[in-house]
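Listed below are the residues making up each chain.
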Amino acid sequence: MLFINTTDKQSGKEVRLRYQEYGSGKPVIFIHGWPLTGDMFEYQMEPLSREGLRCIAYDRRGFGHSSKVGESYNYDTLADDLNAVITELDLRDVTLVGFSMGGGEIARYIGKYGNDRLSGAILVSSVTPYMLKTDNHDGVKWEVFQGMIDGIRKDRADFYANWAKQFYGIGLLNHPVSDDFQAWTLGMALTGSSRAAIDYVEAFAKTDFREDLKKFTVPTLIVHGEDDKIVPINVGGDATHKLLPNAIYHKYDNAPHGLFYTHRERLNRDILSFINTKATKPEREIAVH
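The rules behind each value
- Residues numbered from 1 in each chain as written.
- Predicted model: local features only at pLDDT ≥ 70, side-chain atom pairs only at ≥ 80, totals over all residues.
- Heavy atoms only, no water.
- Buried < 20%, exposed > 50% of the residue type's maximum accessible area, 1.4 Å probe, protein only.
- Helix = DSSP H or I, 4+ residues; strand = E, 2+ residues; numbered from the N terminus.
- Pairing = 2+ DSSP bridges.
- Right-handed = clockwise from strand over helix to strand, strands pointing away.
- Salt bridge = Lys/Arg side-chain N within 4 Å of Asp/Glu carboxyl O.
- Core = buried A, V, L, I, M, F, W, Y, C linked by side-chain atoms within 4.5 Å.
- Contact = heavy atoms within 4.5 Å.
- Expected span 1.5 Å × (residues − 1).
- Arc of directions from axis to C-beta.
- Axes fitted to C-alpha atoms, helices over the stretch in contact; angles between N-to-C directions.
- Parallel < 35°, antiparallel > 145°, perpendicular 65-115°, else oblique.
- Left-handed = near helix turned anticlockwise from the far one by under 90°.
- Nonpolar A, V, L, I, M, F, W, Y, C, P; charged D, E, K, R; others polar.

K.L.:
Before we move on, can you summarise the pairing of strand β5 (residues 94-99) with the specific residues and values?
P.N.:
With respect to burial, β5 is a largely interior element, 6 of its 6 residues being buried. Pairing analysis gives 4 bridges linking strand β3 (residues 26-31) to β5, with the strands arranged parallel. Across the sheet, residue Ile 29 finds its bridge partner in β5, namely Leu 96. Running through helix α3 (residues 101-113), the crossover from β5 to the neighbouring parallel element strand β6 (residues 118-124) is right-handed.

K.L.:
Now, about the pattern of salt bridges: what can you tell me, with residues and values included?
P.N.:
What the rule picks out here adds up to 20 salt bridges. Two residues, Arg 108 and Asp 76, come together in a salt bridge whose shortest N-O distance is 3.0 Å. Of this pair, Arg 108 sits in helix α3 while Asp 76 sits in helix α2 (residues 75-88), and the two are 32 residues apart along the sequence. On the basis of relative accessible area, Arg 108 is assigned to the buried category, the value being 13%. Here Arg 117 makes a salt bridge to Asp 90, at a shortest N to O gap of 3.8 Å. Of this pair, Arg 117 sits in the loop between α3 and β6 while Asp 90 is found in the loop between α2 and β5, placing the two residues 27 residues apart along the sequence. Take Arg 117: its relative accessible area is 16%, and that puts it in the buried class. A cluster of three or more residues bridged by salt bridges with shared partners is formed by Asp 8, Arg 61 and Asp 81.

K.L.:
Can you break down the nonpolar core residue by residue, with the values?
P.N.:
If you look at the biggest cluster of nonpolar residues, it comprises 96 residues, and the most contacted ones within it are Ile 29, Phe 30, Trp 34, Leu 96, Phe 145, Tyr 200 and Phe 204. A per-element tally of this core places helix α4 (residues 142-167) first, with 9 residues. What Ile 29 contacts, discounting residues up to four positions off in sequence, is Ile 56, Tyr 58, Leu 82, Val 85, Ile 86, Leu 91, Val 94, Thr 95, Leu 96 and Val 97.

K.L.:
Which residues make up the environment of Ser 66, and what values do they have?
P.N.:
The topology assignment puts Ser 66 in the loop between β4 (53-58) and α2. When the C-alpha positions of Ser 66 and Asp 155 are compared, they lie 23 Å apart, and in sequence the two are 89 residues distant. If we skip the residues at most four places from it in the chain, Ser 66 touches Arg 16, Leu 17, Arg 18, Asp 59, Arg 60 and Arg 61.

K.L.:
Which residues make up helix α5 (residues 179-190), and what values go with them?
P.N.:
Think of an α-helix as turning once every 3.6 residues; residues three or four places apart then point the same way. The terminal C-alpha atoms of α5, which comprises 12 residues, lie 17 Å apart, in line with the 16 Å expected from a rise of 1.5 Å per residue. Those residues of α5 not exposed but buried are Phe 181, Gln 182, Thr 185, Met 188 and Ala 189. Looking straight down α5, one finds that the buried residues subtend no more than 120° of arc, so they occupy a single side. Exposed residues lying more than 90 degrees from the buried face of α5 are Asp 179 and Asp 180. Contacts from the buried residues of α5 go to α1 (42-49), α4 and α9 (259-262).

K.L.:
I'd like to hear about the pairing of strand β7 (residues 220-225), residue by residue, with values.
P.N.:
When a strand is regular, its side chains alternate between the sheet's two faces. Among the 6 residues of β7, 6 are classified as buried, and the element is accordingly described as predominantly covered. Residue alternation in β7 divides its side chains into two sets, Thr 220, Ile 222 and His 224 and Leu 221, Val 223 and Gly 225, and both sets are buried. As paired strands, β6 and β7 are joined by 4 bridges and run parallel to one another. For Val 124, the partnering residue across the bridge sits in β7 and is Val 223. Sheet topology places β7 next to strand β8 (residues 248-252); 5 bridges connect them, and they run parallel. When the sheet's bridge partners are listed, Gly 225 is paired in β8 with Tyr 252. Regarding the hand of the β-α-β motif, the stretch spanning β7, helix α8 (residues 237-243) and β8 is right-handed.

K.L.:
Now, about helix α6 (residues 194-206): what can you tell me, with residues and values included?
P.N.:
Taking 1.5 Å as the rise per residue, α6 with 13 residues should run 18 Å; its terminal C-alpha atoms sit 19 Å apart, in good agreement. Looking at the buried side of α6, the elements it contacts are α2, α3 and α4.

K.L.:
Give a description of the packing of α4 against α6 that names residues and reports values.
P.N.:
Across the interface, α4 lies against α6 with an axial gap of 10 Å and an inter-helix angle of 160°. On the basis of their axis angle, the class for α4 and α6 is roughly antiparallel. Between α4 and α6 lies a crossing of right-handed hand. Along its contact with α4, which presents Trp 142, Phe 145, Met 148, Ile 149, Ile 152, Arg 153, Arg 156 and Tyr 160, the element α6 presents Ser 194, Ala 197, Ile 198, Val 201, Glu 202, Phe 204, Ala 205 and Lys 206. Of the residues contributing to the contact of α4 with α6, the split by class is 11 nonpolar, 1 polar and 4 charged.

The following block contains the structure:
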């Protein structure tokens, strides 16, 4: 396994971030969703690495094979970890791809470190700009997030297994992923610590990224599924696009939260096209697939 070593600014503890990379060429960093690992991007990294991209994915601290430090599970620290990946690998002209809570990492990274090493940002099913219902009237009530925390504390494996059904849009008449794929997802999720899982629920619920998004100066692509039950499209993609009106916005018909797999061919085409063109659109144009 490959690791990047960094230091937790709060505790001084060493933190090891496990990463993987395929291919060579233009660097792309994939930032995974809750409560998974960098392995979730298997269906992006393998094909896109054959298209002239250097695809890199790492496990967020507390998840997968990265350090489980028991503290500092917040977006300021996660931005520091992303910066450690970029600087330790000496990457420039990087495209960041953030899925779900990974979109928050991109936003906070740009808010803290700027855009100098970046050439683009892709927000997929992202929790930006602000999930919680406060002055953010379209947000999600805290009771929903508290229910997630309660479910993790009661029976984490059972909670994740049921959560995956919403994640992939599984219903009586719709079964877009196999039982084995669901088991693979559960296996990834259970490699993380329960402390990290709980603290990150609070982090993606309560972190306001609206000021961070104002600092985006790189071309940006927003992708969101119209049937997303985890991060509803009005809370995520629509609200993010209002703050980034020059971003390219692709709404996917009938797509759930986990569209990185259910709509993988379409997503991969959109990622590759965006990276190869880095084109922004001056008007608030929405490309609906």
